[in-house]
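Coordinate analysis (summary)
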Amino acid sequence: MKNQWMNLLVGSVRVKAQGKGVERLINACVRNDIAIWNVKKHGDHIATFFILLKDVRRLRVVARKSDCKLYFVGKAGFPFFLKKMLTNSGFLVGVCFFFVIVFFLSNMIWGIEIKGAKPETEYRILKELKQMGVEKGALQFLIDDPETIQKKLTDRMDVVTWIGVELKGTTLYFQVVEKNQPKEPEKIGVRHLVAKKKAVITDMFVEEGQPLVSVNDHVTKGQLLVSGIIGKEGQTKLVPARGKIFGETWYKSTVVLPLHATFGVLTGKYMEKHYIAMKNISIPIWGFQKPAFHHYEIDQQKRPLRFWKWDLPIYYERVIFREKEEVERNYTWEEALAKAKELAREELKAKLPEDASIKGEKVLHQTKENGKVRVELHYQVIENIAIPQPIVQGD
């Protein structure tokens, strides 16, 4: 038999045949498709050979028609190994228990190291991590991945600028950059302040430089507001002009809002399914029922399992089904108009700097077409219109 691996898998037996008809017995085995190999003759009436374990019963039938006696003098293969292991079941259970323990220990968090944080900040980080279920002894595939942990900590911690999260083996490493870091003094070269757009000046706060405009003046884009050249003629010097020049500017906004709309929202209800996955095969281990929701969205998370320090080609997969329902929204003409104004104002505020304010608003045009409200609005805005312009030597 050339396929020795198959023989080991199904099991084989070494047979000793003794009697006058040894050759006839071997020939009868061949005629009855009983595979034999390693046939050795140890005398005129004695021979040994190997057969598969599954052919033992058929060999006994053939041997009854011969003048030979059979003796089973050896055995090998997985069935006999398994039987021996079952006989020593305590050892087998111990080995399995050992591998299970090593597997779980390899997939736990055993260390959390935080660098770059003050003691009070480190305490807050550990407290937030505990609320997220991230602590020593937690299973890695039951907690969020490092990217999600990083995002949640950054959102919750207002005293840090950035947090880096990295998982190495069974340890989570955190690199923290706190806020209120000493800033280098801003180096400003000599410059003018000019208008970034057309406006009417409403207020001025000049810290350094020579103002060239006054309140209520109309200015155009690019016009010089504060000069960086100060002093009398012949005794001038260049300085970095500083200050804020507030002016009234104008914006137009167009908003189109449907009177009737349908959109999906999450209800907060969800169910989970858990799998052990390998390549394209997923074996469910928890959550066998189908989602009870008619509409849902799927959040899929996949984490590799570890054994000791190696990543196994096996993954823990968590699938979350979040219920989603269709919501129909209907506006009257007045409600749609008010909502359009609100959206337009919010959109404008998002574009304006923090120190800007909306002074006035006027509806230029409003129409209803194809089930939608179209509104054009005009805004009066007070904002800082001064932007720097470097002074080129020789001008």
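In this text, all values refer to a predicted model and were calculated from it rather than measured experimentally.

Conventions adopted
In this convention, every chain numbers its residues from 1, walking through the sequence in written order. Per-residue local features of the predicted model are confined to residues with pLDDT of at least 70, and side-chain atom pairs are confined, for both listing and counting, to 80 or more; whole-chain, interface and lining totals are unaffected and use all residues. The side-chain figures draw on all heavy atoms in the structure; neither hydrogens nor water molecules are used. Helix numbers and strand numbers start at the N terminus; a helix is a DSSP run of H or I with at least 4 residues, a strand a run of E with at least 2. Between the two quantities, the radius of gyration covers C-alpha atoms and the globule rule is 2.2 Å times the number of residues to the power 0.38. In this description, contact between two residues means that some pair of their heavy atoms is separated by no more than 4.5 Å. The Shrake-Rupley method, run with a 1.4 Å probe sphere, supplies the accessible areas, and residue values consider only the shown protein chains as cover. For the purpose of charge, His is not counted, nor are the chain termini; Lys and Arg are scored as positive and Asp and Glu as negative. To locate a charge, the coordinates of NZ of Lys, CZ of Arg, CG of Asp or CD of Glu are taken. One bridge is not enough; two strands pair if DSSP finds at least two bridges between them. The buried label applies to any residue whose accessible area, calculated with a 1.4 Å probe on protein chains only, is under 20% of its type's maximum; exposed applies above 50%, and partly exposed to all values in between. Within this analysis, the arc is defined by the directions that extend from the helix axis to the C-beta atoms. Within this document, salt bridges are pairs made up of a side-chain nitrogen of Lys or Arg and a carboxyl oxygen of Asp or Glu, the two lying within 4 Å of each other. N or O atoms closer than or at 3.5 Å make up a polar contact, with two conditions inside protein: a donor-capable atom paired with an acceptor-capable one, and, for residues adjacent in sequence, both atoms drawn from side chains.

**A short note on the overall build of the protein chain**
For the protein chain, the count of helices and strands is eight helices and 22 strands. The C-alpha radius of gyration computed for the protein chain amounts to 42 Å, which surpasses the reference 21 Å derived for 395 residues by more than 25%, pointing to a less compact arrangement than a globule. Across its three principal directions, the C-alpha atoms of the protein chain cover 135 × 60 × 45 Å. Counting only contacts in the protein chain whose residues sit at least 6 apart along the sequence, the fraction spanning at least 24 positions is 66%. Summed over all atoms, the accessible surface of the protein chain reaches about 26,200 Å², with 54% contributed by carbon and sulfur. When the 63 positive and 46 negative side-chain charges of the protein chain are each reduced to one mean point, those points stand 15 Å apart.

**Focus on the pairing of strand β15 (residues 242-258)**
Consecutive residues of a regular strand have side chains that alternate between opposite faces of the sheet. In terms of strand pairing, strand β9 (residues 199-208) meets β15 through seven bridges, oriented antiparallel. By the bridge assignment for β15, aspartate 203 is matched with phenylalanine 246. Pairing of β15 with strand β21 (residues 372-384) involves 13 bridges; the strand directions are antiparallel. Pairing of serine 253 across the sheet is with leucine 377, part of β21.

**Describing the environment of glycine 234**
Checked against the element boundaries, glycine 234 lands in the loop between β13 (229-230) and β14 (237-238). Look at glycine 234 and you get exposed, because its relative accessible area is 73%. Along the primary structure glycine 234 and glycine 77 are separated by 157 residues, whereas in three dimensions their C-alpha atoms are 107 Å apart.

**A look at helix α2 (residues 22-31)**
Working note: α-helix, 3.6 residues per turn, so residues spaced by three or four point in the same direction. By the burial criterion, the buried members of α2 are Val22, Leu25, Ile26, Ala28 and Cys29. End-on, the buried residues of α2 take up no more than an arc of 160 degrees, which puts them together on one face. Every exposed residue of α2 that faces more than 90 degrees away from the buried side is listed here: Arg24, Val30 and Arg31. In this structure, the buried residues of α2 make contact with β1 (12-19), β2 (36-41), β3 (46-52), α3 (56-64) and β4 (68-76). Following α2 by one or two positions, aspartate 33 adopts a phi angle in the positive range, close to 60 degrees.

**Some points on unusual backbone geometry**
Phi is mostly negative for residues that are not glycine, and the peptide bonds are mostly trans. For asparagine 216, which is not a glycine, the phi torsion comes out positive at approximately 80 degrees. With respect to the helices, strands and loops of the structure, asparagine 216 is situated in the loop between β10 (210-211) and β11 (218-219). Of note, asparagine 370 is a non-glycine position whose phi angle comes to about 55 degrees, a positive value. Considering the arrangement of structural elements, one finds asparagine 370 in the loop between β20 (357-369) and β21.

**Notes on the sheet that holds strand β12 (residues 224-227)**
The sheet built from four strands is open, its strands ordered β10-β12-β8-β22 with antiparallel pairing. Of all the strands in the sheet, just β10 and β22 (386-390) have a single pairing partner and so form its edges. Sheet analysis places strand β8 (residues 191-195) next to β12, joined by two bridges and oriented antiparallel. Residue pairing for β12: valine 194 is matched across the bridge by leucine 224.

**Here's the deal with the side chain of lysine 273**
In this fold, lysine 273 is placed in strand β16 (residues 260-278). Buried and unpaired, lysine 273 has no salt bridge, with glutamate 317 as the nearest side chain of opposite charge at 11 Å. At 3.2 Å, the side chain of lysine 273 forms a polar contact with the backbone oxygen of glutamine 289. Setting aside residues no more than four positions away along its own chain, lysine 273 makes contact with Trp286, Gly287, Phe288, Gln289, Lys290, Pro291, Glu317, Arg318, Val319 and Phe321.

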